[in-house]
Amino acid sequence: MPPSSLRVVYAFAREMYPKTTDVFIQYGTAGFRTKANLLEHVVYRMGLLAVIRSRVKNGRTIGIMITASHNLEPDNGVKLVDPDGEMLDGSWEEIATRMANVSDTELEATTADVIRQVGADMALKASVYVGMDTRYTSPRLASAAVHGAMALKGTPKEFGIVTTPMLHFFVKCRNDETYGTPSEEGYYQKIVGAFKRLRARMPVAGEYNNTLYVDGANGVGGKKLNIIKKTLDGELDLHMFNTGGNGGKLNLNCGADHVKSTQTAPVGVEHVPWQRVASLDGDGDRIVYYYIDDKNKLNLLDGDRIATLLASYVNQLLKEIGASDLSVALVQTAYANGASTKYITEQLKMPVTCVSTGVKHLHHEALKYDVGVYFEANGHGTVVYSGKTKEAVRKIFEEGDQEQRKAASILLDIIDMTNETVGDALSDLFLVETALCARGINTKQWMQLYDDLPCQLMKLSVKDRNVVTTADADQQSTSPEGLQSRIDELVANIPSGRSFVRASGTEDVVRVYAEADTQENVQKLAAQVAQAVYDLAGGVGTRPTLPE
Ligand code: G16
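Reading guide: rules and limits
Residues numbered from 1 in each chain as written. Predicted model: local features only at pLDDT ≥ 70, side-chain atom pairs only at ≥ 80, totals over all residues. Heavy atoms only, no water. Helix = DSSP H or I, 4+ residues; strand = E, 2+ residues; numbered from the N terminus. Rg over C-alpha atoms; globule rule 2.2 N^0.38 Å. Buried < 20%, exposed > 50% of the residue type's maximum accessible area, 1.4 Å probe, protein only. Contact = heavy atoms within 4.5 Å. Areas by Shrake-Rupley, 256 points an atom, 1.4 Å probe, with all protein chains shown as cover. Core = buried A, V, L, I, M, F, W, Y, C linked by side-chain atoms within 4.5 Å. Pairing = 2+ DSSP bridges. Domains from an automatic or database assignment. Buried area = accessible area lost by both parts, 1.4 Å probe. Near = heavy atom within 4 Å. Polar contact = N/O pair within 3.5 Å; in protein donor to acceptor, adjacent residues only side chain to side chain. Nonpolar A, V, L, I, M, F, W, Y, C, P; charged D, E, K, R; others polar. Axes fitted to C-alpha atoms, helices over the stretch in contact; angles between N-to-C directions.

A tally of helices and strands in the chain yields 18 helices and 19 strands. What you see for the chain is a C-alpha radius of gyration of 23 Å, in line with the 24 Å of a compact globule of 548 residues. Judged by the C-alpha coordinates and their principal axes, the chain covers about 70 × 60 × 50 Å. Taken across its 548 residues, the chain has 61% of its residues classed as buried. Across the chain, every contact between residues at least 6 apart in sequence was considered, and the portion connecting residues at least 24 apart equals 70%. Per element, the accessible surface of the chain, about 21,400 Å² overall, is 49% carbon and sulfur.

This is the structure we're talking about:
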């Protein structure tokens, strides 16, 4: 494409998507995320970038998802999806940030510069898939992405309202037809189809029952599960809540992030003691489970619990097929409860690594293993299986003895049921239900596998959250000066104490995490660390107070 053709890049920007703010925006934990009215020019420019990326990848499809996931309705965001369905390569985040922040008059030259820098052959075809969540600001932003793709003569394809993991799946399928069909129908056929096949030959047994309540966070995940529900022939008895009707607001006092962060039940769910409930987030990429016991206490089964359940079940199946050379490893972040890490190493005897927050980091680490199970405590995660593993399971399915073939066929369905591209609440829900059913256990028994250390998450507003920086997979503060030594002093005074702080990459806050031996101690530690952040990092509003 000759440089003169880039004029249209500026024309679209000036006429339709002018940059109306000087506020600097950065590609964060999962793309750009801020108030929706500050995003149109950013999303338009990501349309441009997606085309450049597609050409660098020889015309393979790139995805653009319009969503702010767990954030409240006024926010929105954009996530870019790479050809294998994973998050945008980290080395391109800086380029994305640069393109998002230049002025309209610099955009044409910057685009030309980026094309040169990455060596994109602009004569190649380019394909961009666009999806969006249910926010009322999403359609306009999706149009901006489409116009961005068109401005550089790429071919956009819109999927309308889909979950984020569905879009990741479509992108992967488009680039690798052996993975599945790039459509919503193709997604249901592969993932839900595998669940149904498996359920048909796995009788409900023991303490497991097939009734599941679901909190849909008033987002797209609940809507899609309602579609799936109609196709389930009693395999799972889904009771849906917070599916967007009755004036329920997206993620407001409901959904996976609310349940995990506040450890309180979502509004809008009619609770029955001991009933198993799954809580999804706004774009359907996270899931946590919980139940309310007979003392009205919420018992949370978060991403750590899901990871350990799935890892031990897959490991059991690998043993049953006699694939002793294949191993399962887990990947967590610093938010993982210390008790879960201890359980993995001491009871499950599996390798576990800790990486920085963000599924993009977990995903790449998990790919190093035969079977990598990665989950953030917030319920964002999945399982990935190496080519060697898939090959071995298929071979045993064909050549093993009767028992081995039976276990291998279960494993093949488990693999099909998994959305390996990214954390997926719907796929994870079917995996969890399969593992619980196979084990014949209820949520109380699942909960009894280990005891969590009391933990607390807090959010704190500061003048500029970027003053808080970390190293060692978020576990050490490198600035502001003096913060880490203060945290060390505070932690040393609390039995089983652990705490760290980091700037959120999706909200304008600093997150504080603490865990300790007792509820009282964890509340004290979290409040003390929050005070230290407030004092050293320029807290805004009221200084956090210590518990009475
Ligand atoms: C995104 C990321 C997750 C991350 C979460 C919170 O989730 O994909 O990996 O854990 O943000 O990140 P932070 O603590 O930086 O705000 P989602 O579901 O919001 O897209």
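Read on, since the account is not over.
Before going further, it helps to examine the environment of Thr 341. Along the chain, Thr 341 turns up in helix 11 (residues 338-348). Once residues lying within four places of it in the same chain are set aside, the contact partners of Thr 341 are Gln 332, Ala 336 and Val 352.

Within the largest apolar cluster, 82 residues are counted, with the highest numbers of intra-cluster contacts made by Leu 225, Tyr 289, Ile 414, Leu 429 and Phe 430. Beyond its immediate chain neighbours, meaning those up to four positions away, Tyr 289 contacts Leu 212, Arg 276, Val 277, Ala 278, Asn 299, Leu 300, Leu 301, Ile 306, Leu 429, Val 432, Glu 433 and Trp 446. Core analysis: the next-biggest nonpolar cluster, separate from the first, contains 49 residues, Ile 52, Val 114, Met 122 and Leu 152 among them.

This part covers the pairing of strand 8 (residues 277-280). Side chains of strand 8 alternate between two faces, with Val 277 and Ser 279 and Ala 278 and Leu 280 buried alike. As judged from the three bridges shared by strand 6 (residues 211-215) and strand 8, these two strands associate in the parallel manner. For Asp 215, the partnering residue across the bridge sits in strand 8 and is Ser 279. Where strand 8 and strand 9 (residues 287-292) come together, four bridges link them in antiparallel fashion. Its bridge partner being in strand 9, Ala 278 is matched across the sheet by Tyr 289. Connecting the antiparallel pair strand 8 and strand 9 is a turn made up of six residues, with Gly 284 showing a positive phi of about 75°.

We now examine the domain arrangement of the chain. Here the domain parsing of the chain yields domain 1 (3-161), domain 2 (189-301), domain 3 (303-428 + 440-447) and domain 4 (455-537). When each unit is reduced to the centre of its C-alpha atoms, the spacing between domain 1 and domain 4 is 34 Å. In this assembly, six residues from domain 1 lie in contact with six residues from domain 4. Buried area between domain 1 and domain 4, summed over both chains or domains, comes out near 430 Å², and the portion from carbon and sulfur atoms is 41%.

A few words on the site of the ligand. Every one of the 20 residues lining the ligand counts as a neighbour, but Thr 29, His 70, Glu 376, Ser 504 and Thr 506 are closest to it. Between the ligand and Arg 511 there is a distance of 2.6 Å, counted from an oxygen atom to a side-chain nitrogen or oxygen. Here the ligand, which alone exposes 470 Å², has 98% of that area covered by the protein. Of the residues assigned to the shell around the ligand, the class counts are two nonpolar, ten polar and eight charged.

Once that is clear, we can look at the sheet that holds strand 14 (residues 381-385). Read from one edge of the open sheet, four strands run 12-11-13-14, paired in mixed fashion. Looking at strand neighbours, the two that pair on one side only are strand 12 (352-354) and strand 14, the edges of this open sheet. Taking each pair of neighbouring strands and ignoring which way they run, the sheet shows an average axis angle of 20°. In this sheet, strand 14 lies alongside strand 13 (residues 371-375) in antiparallel orientation, the contact comprising five bridges. In the strand pairing of strand 14, Val 371 is matched with Tyr 385. Its contacts with the sheet place helix 11 against strand 11 (328-332) and strand 12, and it is angled at close to 165° to strand 11.

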